[in-house]
Amino acid sequence: MSNKGVNIKNLTKIYEGNNNFKAVDNISVDIKPGEFVTLLGPSGCGKTTTLRMVAGFEIPTSGDIVLGDEVINNLSPDKRDTSMVFQSYALFPHYNIFDNIAYGLKLKKLDKETIKSKVTNIIDLVGLKGMENRYPNQLSGGQQQRVALARALVMEPGVLLFDEPLSNLDAKLRVYMRTEIRKIQQKVGITAIYVTHDQSEAMSLSDRIIIMNKGIIEQVGTPKEVYYTPKTKFVADFIGTANFIDGEIIEVSNGKAKILVEGQELTVPYTGDKKAKDSCTIVLRPEAVDIGEEGLLDGTVTLSTFMGSYQDYIVKTKNSELKIQLNNPQGKKIFEEGANVKVSFDAVNVHII
Ligand SMILES: Nc1ncnc2c1ncn2[C@@H]1O[C@H](COP(=O)(O)OP(=O)(O)O)[C@@H](O)[C@H]1O
Ligand SMILES: [Mg+2]
């Protein structure tokens, strides 16, 4: 299989109309060959528009898309080295599975033997052996999704494009299919661009996540980077659950910042460009916060709920309301609503934005 990099440069899409809506606003990102990259963001943020410009179904208003070393802006979809897997599968109901998968190869006028061998290989790869003669309506949703994937893969494109391919499946199958997609992608080493609004899907699939908001890119990073070091409040909030506490920088030196938060001084990792007296916000993940009789900040428990694997708390501090998850509560002291507690956390778990 081939795999190609995709370099998106200052890409903009304005939908012409009464209000000339700017759906994608000057985005740039360089995707390496073989990389699995996810476009993640809320509905309407421009993910599908971006993907469709790469596929050639939408014409960019400005900017460039480079596939491998070729600028592909002006190529029609069938001339591009891309294949798209749609949410709706888009299978031909009157063709059996073999013919559905073989369709694109027949259009390319490959000889019968080559088609047979390519299709058989792909059917094996996606786990559909024995289903060749069935029709789409004789398959489960997950199996139909495999056919759609096989049909894209059999074309041996330089990059595989996915637009929310799992949204029609029930929750359990969605989780199963996403690991299947990842396995298959890694096996063939193909470049993949995957659109989703589901952050856990993005976390589990991606080498890097591109987080979009209102047509712009908020951050590009590995799942760990976007979770532990979000650049903006939007990213912190969109990936997982985040607590924010306002504070002030006292001093910055040697990769650390001394800050003042709710009357308490603490020293935390920091490599940004804020300086003394600047205001800042700290991001704290619910699983990184603890409550007890000793600690840094004063708080009052306003919600205490047993969730099985964790105890879910909301604790009101001087200037914030913290969501806190204490794992494995069995045998531990549980604080009830109304209890006065101390809140603590490790400096390494504090991220400043
Ligand atoms: N063909 C179109 N004409 C006008 N506006 C469009 C068109 N397609 C999408 N939009 C608008 O562009 C924005 C981004 O859409 P889209 O890329 O589909 O978002 P996403 O996939 O992130 O949900 C939305 O506000 C949507 O309404
Ligand atoms: Mg979409």
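None of the values given here were measured: they were computed from a predicted structure. (Residues numbered from 1 in each chain as written. Chains lettered and ligands numbered in written order. Predicted model: local features only at pLDDT ≥ 70, side-chain atom pairs only at ≥ 80, totals over all residues. Heavy atoms only, no water.)

**Q** Help me get a handle on the domain arrangement of the protein chain, residues and values and all.
**A** Taken domain by domain, the protein chain holds domain 1 (6-234) and domain 2 (241-352). Taking only C-alpha atoms into account, the centre of domain 1 sits 39 Å from that of domain 2. Opposite the six residues of domain 1 that make contact, domain 2 presents five residues. With both sides pooled, the region where domain 1 packs onto domain 2 buries about 570 Å², and carbon together with sulfur makes up 54% of that total. Among the residues domain 1 hides against domain 2, the three largest losses belong to Tyr 227, Pro 230 and Lys 233. Together they make up 80% of the total. In this structure, the connection of domain 1 to domain 2 is made through zero salt bridges. On the surface where domain 1 and domain 2 come into contact, there are three residue pairs in polar contact (both at pLDDT 80 or more). By residue number, the principal contributor to the side of domain 1 that touches domain 2 is helix α7 (residues 223-228), which donates three residues. (Domains from an automatic or database assignment. Contact = heavy atoms within 4.5 Å. Buried area = accessible area lost by both parts, 1.4 Å probe. Salt bridge = Lys/Arg side-chain N within 4 Å of Asp/Glu carboxyl O. Polar contact = N/O pair within 3.5 Å; in protein donor to acceptor, adjacent residues only side chain to side chain. Helix = DSSP H or I, 4+ residues; strand = E, 2+ residues; numbered from the N terminus.)

**Q** Residues and numbers for the pattern of salt bridges, please.
**A** Per the stated rule, a full pass over the model turns up 15 salt bridges. Ionic pairing is found between Glu 35 and Arg 208, a salt bridge with its closest N-O pair at 2.5 Å. In this pair, Glu 35 is assigned in the loop between β2 (21-31) and β3 (36-40) and Arg 208 in strand β9 (residues 208-213), connecting sequence segments 173 residues apart. The buried category is assigned to Glu 35, whose relative accessible area is 7%. Between Asp 78 and Lys 79 there is a salt bridge whose closest N-O contact spans 3.7 Å. For the residue pair Asp 78 and Lys 79, the accessibility class agrees, reading exposed in each case. Here the residues in one salt-bridge network are Lys 13, Arg 52 and Glu 58, joined through shared partners. (Buried < 20%, exposed > 50% of the residue type's maximum accessible area, 1.4 Å probe, protein only.)

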